[in-house]
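Chain by chain, the residues:
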Amino acid sequence: MSLKDQFGKDILLTGWGHSKFGKLTDDTLESLIVQVTGEAINNSGLDPKDIDEIYLGQFNSGMQPLGFTSSLALQLSADLANVPATRTENACASGSAAFQQGVKAVLAGTARNVLVIGAEKMTDAGADVVGAALLGASYEMAGKASSTGFTGLFAEVAKHYDKRYGVKIAGESLGDVLGSIAAKNHHNGMDNPYAQMHRDFGVEFCRTISDKNPMVAEPLRRTDCSPVSDGAAAVVLSTSATGGTTAPVRLAGFGHANDFFPAEKRDPTEFAATRASWERAFAMAGVGIEGLDFAEVHDCFTIAELIMYEAMGLAPRGEGSRAVQEGWVYKDGKLPINVSGGLKAKGHPVGATGVSQHVIAAMQLTGTAGDMQLPNARRGAVQNMGGVGIANYVSVLEAV
Ligand code: COA
């Protein structure tokens, strides 16, 4: 069943914009938002006056002094005066939270054309401020001192996973598998012009602790972590084609699930609410994982991508490493994962990430992904996560 069958109307992505990701010293949060707003509206074929509502995903949590950013997109044009604009916050899934609020506004019929933006400017703040801001997404660690930051929380996930499942391939450790995921995503990132890191480190470098690849929080090395980033992305959502520069992309289904916040109420190796968000999106789209040609998933740390293979149903629990070792998730595999380089190489300006994933998927589905382009990409999924498996969003998108 399509969204039209279920809700009486289609949701189309009719235009999109994407800034470079990285340490963008010449940009401000405002300039990034205005840049992608202009690109997305222009590419949709609409005028600013046609935008009925704006949602901006941004985490902030103290990384920027300006705590009230919903109106920044209006700086693009006087024709955006009086447009309702709201900021959404759901930690590193703030961008997808904005996306799904935009979808619901269109489905509700209160807006015909919605602009969705994700943005974050992290590198203005020092490492200690960024670390404390990110730890604001942890029930136990918010406001507490930590030398390992959010990496320490995912390192605990990796330790639990290793203890419970290990890796069932002779001669391979969990660290080896995580190193292979890092190397895959860094390799893929070489083809992404928006990516922060264009460094094809290779498997051996990513698997090995060295001066250039130190342990951050055992067992996660530097190459197992997404970087600290600035960037923004935007999409326009409409109910019908708007004469854009590329064909639109259809939203086939979406899912959202939040888990309990205290760690004691969750199995650290499962990401149960992440799984629920996948199941909801697949059910709404009327497809399963075998119906996907690719996926962009939330690899904030390599262990998150490994568990994602299991949460999305690609591999049974405890067997996610098979997806790497048997080549399923590489660009030429049966389900390419993070062809963009993922958060690992593309960068992770936290509030921007969810919208960026939708933009990259839209490029794939319209044959406009340049060097990232996959052959015959007709349907793909994006998955974005806030906290340690807490706020989870999945979209299934398809070519029109
Ligand atoms: N992966 C690979 N290389 C990285 C990197 C990363 N994540 N982060 C930085 N580098 C490289 C830099 O390019 C630089 O290379 P160079 O010396 O050849 O120029 C070098 O490592 C040192 O950079 P620096 O910024 O000083 O690194 P750092 O040690 O201060 O920070 C991390 C590295 C991994 C600690 C930091 O990126 C981090 O905290 N990431 C996690 C962010 C996070 O928690 N996000 C939220 C997720 S939910």
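Provided above is the structure to which this section pertains.
Only a predicted model underlies this, so the values are computations on that prediction, with no experimental measurement involved. (Residues numbered from 1 in each chain as written. Predicted model: local features only at pLDDT ≥ 70, side-chain atom pairs only at ≥ 80, totals over all residues.)

Novice: Hey, could you run me through the site of the ligand in this one?
Specialist: Around the ligand there are 15 residues in total, and F150, R222, C225, P227 and C300 lie nearest to it. Secondary structure elements with two or more residues in the shell around the ligand: α4 (127-135) and α5 (149-164). Broken down by element, the shell around the ligand gets its largest block of residues, three residues, from α5. Residue classes in the shell around the ligand are distributed as nine nonpolar, five polar and one charged. (Near = placed C-beta within 6 Å. Helix = DSSP H or I, 4+ residues; strand = E, 2+ residues; numbered from the N terminus. Nonpolar A, V, L, I, M, F, W, Y, C, P; charged D, E, K, R; others polar.)

Novice: Could you clarify how one ought to interpret the nonpolar core in this entry?
Specialist: One broad rule of soluble globular proteins: the nonpolar side chains tend to lie buried together. With 126 residues, the main nonpolar core has L115, V116, I117, F154, A234 and V235 as its most contacted residues. For this core, the leading source of residues is helix α12 (residues 350-365), giving nine residues. For V116, the contacting residues outside a window of four places in its chain are Y55, A98, F99, G102, A234, V235, L237 and V355. Ranked by size, the runner-up nonpolar core spans five residues in total, among them F21, Y194, M197 and A345. (Core = buried A, V, L, I, M, F, W, Y, C linked by C-beta atoms within 7 Å. Buried ≥ 20, exposed ≤ 12 C-beta atoms within 10 Å, placed from the backbone. Contact = placed C-beta atoms within 7 Å.)

Novice: Looking at this model, I keep getting lost on α4. Mind explaining?
Specialist: The α-helix winds at 3.6 residues per turn, so residues separated by three or four positions along the chain end up facing the same way. Taken together, the buried positions of α4 are V130, A132, A133, L134 and L135. Buried-residue contacts for α4 involve α5.

Novice: What exactly am I supposed to notice about unusual backbone geometry here?
Specialist: Leaving glycine aside, a negative phi is the common case for residues, and trans is the common case for peptide bonds. Omega for the peptide link from E218 to P219 comes to 10 degrees, which places this bond in the cis form. Of note, P219 is situated in the loop between β5 (215-217) and β6 (220-221). Phi is positive for F271, which is not a glycine, with a value near 55 degrees. Tracing the sequence through the fold places F271 in the loop between β8 (249-258) and α8 (272-285). Positive phi, normally seen in glycine, also occurs at N338, with a value near 60 degrees. Counting through the fold element by element, N338 comes out in the loop between α10 (321-325) and α11 (342-346). Since 28 C-beta atoms lie within 10 Å of it, N338 is described here as buried.

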